[in-house]
Amino acid sequence: MGAVKLQNVCKSFGGHDVIKDVSIDINEGEFCVLIGPSGSGKSTLLRLIAGLEEATSGRVEIADRDVTDLPAKERDIAMVFQSYALYPQMSVRDNMSFALRLARRPKDEIARKIDDVAQMLGLEALLDRLPKELSGGQRQRVAMGRAIVRNPAVFLFDEPLSNLDAKLRSQVRGDIRDLHRKWQTTSVYVTHDQVEAMTMGEKIVVLRDGQVEQVGTPLELYDQPDCVFVASFIGSPAINMMQARVGAGGKTLVLAEAEVALPMPAGYDLRDDQDVLLGIRPEYLEAVTGHVDHALPATVHAVESTGSDTTVICNSPVGQVLIASKSRSDLAPQQKVFLRFTEGKEILFDKTTERRIVPAPRPVSSLADVR
Amino acid sequence: MKTSLPLRVAKFVVYAIILLIFVGPFWSIVMTAISGVSLKPGQLALLPQSPTFDNFKVAFLDMRVWRYLLNSMVVVSFGTIAQVVVSALAAYALARKKFRGAAIVSLLILSTLMLPEEVIAIPLYLVTIKQLPVIDTSIYNTYFAMILPVVGWAFSIFMLTEFMRAVPKELEEAARIDGANDWQVFGHVILPLIRPALGTVLIFGFIMIWDQYLLPLVVINDRDLETLPVALASLRSDPSITPNIIVAATLIAMAPSVIVYLLLQKHFNRGLMAGAVKG
């Protein structure tokens, strides 16, 4: 087991900077997810940790060892590839034992390890088959098994679930989580699927254009996104963003197009006429049919229900707005509604920098008051 | 729909002509070789006259075809093996390694295909008669002179390069993470996956080396080292030898190619197809 440390890592391909000065600390035993849209450099970053790419500058440490200039085989890592990368000409057993055989481990030790891991992953009956004779899910498990038998310091996963169907994906997601809980091996997991990131990661690193946008726990990213990009990228259905202007001496947020003034959420000290972006998660909006104060008028455009969740898509003067709820909706398209904001759930961003405006902590007058 | 009689007759005639064109010469070679009646130079038998296998015996023993066959065998076996080994290693470097001037190296190898062997015959001769450094001797008039020039063959290098490029990169990366070095990646991952292509270049290489005529002619000046194609040509120019014996010797010379092709035929066709599909 070991921590992974990236310090000011840069990588460019032929003059094009793919990774720009990235520093990340992944603690020992942590499950860290790298997430970002395609082209954000998340796979390149993983390959830099794996030693499949050489960093242009910066330092990579694994288990307190500087591995920046070491080849992949000396980094004590195991990787699960998106395409699984099983050796097609070798049986499952040979695939799993390949690393141990290269390391010239004793035969009985190899056999014992393979049997243990095969049993753990339910692969006993498949040990003598070739990869082409396995289903996608089975191949995935063999790829995991191949990584596990090595007992490495760090596991690296490169979008390992993207070739599986939805049902299998959630099952394997659970399997990987259980394995991590059991082995507590440091893991770095790359995905573009934010559901995977939210459900699996203890720490999530959001990347954009080769730079780290934010590092945090899933709920930190969800509740306190540092910037508009993270707010929009994390969460499904996506956060609602609307333009607003501070009014009434900093006491209201005016949605000009809708001619609505919302009370300023607590903790913000903004000057008059400042332009901001108001973000509100779909579950913190409620559609009511009668007129209410401080609510955004809108027209229902569509109602989407998956059975357990309902998403109402509304058209409002400030653009399309999503509302999510766990209860069924009896709203119908074209119906006029008012959208009520849950107090204190608004997230404000500076309009020019798109960074979050951090509110002052809620006032606590004295310890005695708390008691 | 049933084809009409005249059409069927026409088809039959066309097929018969094609058959005659292709099989005719071979048939008359076989018939001449087993004919006991001596023919004049330029003549071939269409039907066997007093059939006998004596011609083969004379060719094989008295005309020392066994010796030329042995020479050809030595050259072709070492040549083919060395060629496949060198081509596979060169192809791995071209397909997978990033190095300065890779494109130029590739172009240089390719350009050797554009030079007819007649053009390089004299330079080749001059190189082989030179005292070579390190070994401090000339390889003229040795097996090496016939083997070394055919070891590097652009065709097999390019064929294998294309096949190696088609092997997914992740497999190589997985092997590296599993602890494999270059040789282990090559031996455990790349080679087993391009086996059909290896079979194909093996056969192509075999036939190419077996058919070498100009090279042994230029670098060998010793009857005991001559290979079959060269020896057959000199037999033909000897007026005392009847065509029956020459064609018998020719048949012996053809046999190994035919046997190798028949043995590896399935492999051969599959390899060609695979190459074609991958483009």
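Everything numeric in this text was worked out from a predicted model, so none of it was measured.

Before going further, it helps to examine the overall build of chain B. Helix and strand content of chain B: 13 helices and zero strands. Moving toward the C terminus, one meets the helices and strands of chain B in the order α-α-α-α-α-α-α-α-α-α-α-α-α. In summary, chain B has a C-alpha radius of gyration of 24 Å against a globular reference of 19 Å for 279 residues, an excess of more than 25%. Its C-alpha atoms put chain B at 70 × 70 × 30 Å along the principal axes.

Moving on, we get to the interface of chain B and chain A. On the side of chain A, 21 residues touch chain B, which itself brings 16 residues to the contact. Both sides together, the interface formed by chain B and chain A hides about 1,600 Å², and carbon and sulfur atoms give 65% of it. If you sort the residues of chain B by the area they bury against chain A, Glu-173, Ile-177 and Asp-178 of chain B come out on top, with a joint share of 41%. Of the charged contacts in the structure, one is a salt bridge between Arg-150 of chain A and Asp-178 of chain B, with a shortest N-O distance of 3.3 Å. Taken together, chain B and chain A are joined by seven residue pairs in polar contact (both at pLDDT 80 or more). Secondary-structure elements contributing two or more residues to the side of chain B that touches chain A are α8 (169–177) and α9 (182–193) of chain B. In terms of residue count, α8 of chain B provides more of the side of chain B that touches chain A than any other element does, seven residues in total. Taken together, the residues that form the side of chain B that touches chain A break down as eight nonpolar, four polar and four charged.

Next up on the list: the packing of aromatic side chains. All names here are of chain A. Summed over the entire model, instances satisfying the criterion amount to twelve aromatic pairs over all chains. Their ring planes at 45° and their centres at 6.1 Å tell us that Phe-155 and Phe-157 sit as a pair that is tilted. Per residue, the accessibility class of Phe-155 equals that of Phe-157, and both read buried. In this structure an aromatic cluster arises from ring pairing among Phe-31, Phe-155, Phe-157 and Tyr-189. The cationic tip of Arg-146 hangs over the ring face of Tyr-87; the distance from NZ or CZ to the ring centre is 4.8 Å.

What follows is about empty space enclosed by the protein. Residue and element names in this part refer to chain A. This model, assessed by the stated rule, comprises three cavities of 30 Å³ or more. Taken as a whole, the largest cavity spans an internal volume of roughly 110 Å³. Taken together, Phe-31, Val-80, Met-144, Ala-147, Ile-148, Phe-155, Phe-157, Ile-176, Leu-179, His-180, Trp-183 and Ser-187 make up the lining of the largest cavity. Secondary-structure elements contributing two or more residues to the lining of the largest cavity are α4 (136–149), β7 (154–158) and α5 (166–183). For the lining of the largest cavity, the element with the most residues is α5, which contributes four residues. A breakdown of the residues in the lining of the largest cavity according to their chemical character gives ten nonpolar, two polar and no charged. When its volume is computed, the second largest cavity comes out at roughly 70 Å³.

Looking now at helix α10 (residues 195–210) of chain B. Over its 16 residues, α10 of chain B runs 22 Å from end to end, which matches the ideal 22 Å to within 8%, given 1.5 Å per residue. Regarding α10 of chain B, the residues found buried are Ala-197, Leu-198, Gly-199, Thr-200, Val-201, Ile-203, Gly-205, Phe-206, Met-208, Ile-209 and Trp-210 of chain B.

The next subject is the pattern of salt bridges. The full count for this structure, using the stated rule, is 22 salt bridges over all chains. For Glu-109 of chain A, the salt bridge goes to Lys-113 of chain A, with nearest N and O atoms at 3.4 Å. Taken as a pair, Glu-109 of chain A and Lys-113 of chain A lie in helix α3 (residues 107–121) at a separation of four residues, close to a single helical turn. Given the relative accessible area of 24%, Lys-113 of chain A is considered partly exposed. A salt bridge links Glu-286 of chain A to Arg-340 of chain A; the shortest N-O distance between them is 3.1 Å. Of this pair, Glu-286 of chain A sits in strand β15 (residues 285–288) while Arg-340 of chain A sits in strand β19 (residues 336–341); the two residues are 54 residues apart in sequence, bridging distant segments of the chain. Given the relative accessible area of 41%, Glu-286 of chain A is considered partly exposed. Of the residues examined, Arg-340 of chain A reaches a relative accessible area of 34% and is grouped as partly exposed. Ionic contacts of the salt-bridge type, sharing partners, join the residues Arg-96, Lys-97, Glu-172, Arg-176 and Asp-182 of chain B into one network.

This paragraph deals with the nonpolar core. By size, the foremost hydrophobic cluster in this structure holds 58 residues, and its most contacted members are Leu-34, Leu-45 and Leu-156 of chain A together with Met-164 of chain B. Grouped together as the second largest cluster of nonpolar side chains are 44 residues, Ile-35, Val-92, Val-149 and Phe-155 of chain A included.

Cut-off values and rules
Residues numbered from 1 in each chain as written. Chains lettered and ligands numbered in written order. Predicted model: local features only at pLDDT ≥ 70, side-chain atom pairs only at ≥ 80, totals over all residues. Heavy atoms only, no water. Helix = DSSP H or I, 4+ residues; strand = E, 2+ residues; numbered from the N terminus. Rg over C-alpha atoms; globule rule 2.2 N^0.38 Å. Contact = heavy atoms within 4.5 Å. Buried area = accessible area lost by both parts, 1.4 Å probe. Salt bridge = Lys/Arg side-chain N within 4 Å of Asp/Glu carboxyl O. Polar contact = N/O pair within 3.5 Å; in protein donor to acceptor, adjacent residues only side chain to side chain. Nonpolar A, V, L, I, M, F, W, Y, C, P; charged D, E, K, R; others polar. Phe/Tyr/Trp six-rings, centres within 6.5 Å; stacked < 30°, edge-to-face > 60°. Buried < 20%, exposed > 50% of the residue type's maximum accessible area, 1.4 Å probe, protein only. Lys NZ or Arg CZ within 6 Å of the ring centre and 35° of its normal. 1 Å grid on protein atoms, 1.4 Å probe; cavity = no way out; pocket = protein on both sides within 12 Å on 5 of 7 lines; lining within 4 Å. Points joined across faces, edges and corners; volume = space filled by probe spheres on them. Expected span 1.5 Å × (residues − 1). Core = buried A, V, L, I, M, F, W, Y, C linked by side-chain atoms within 4.5 Å.

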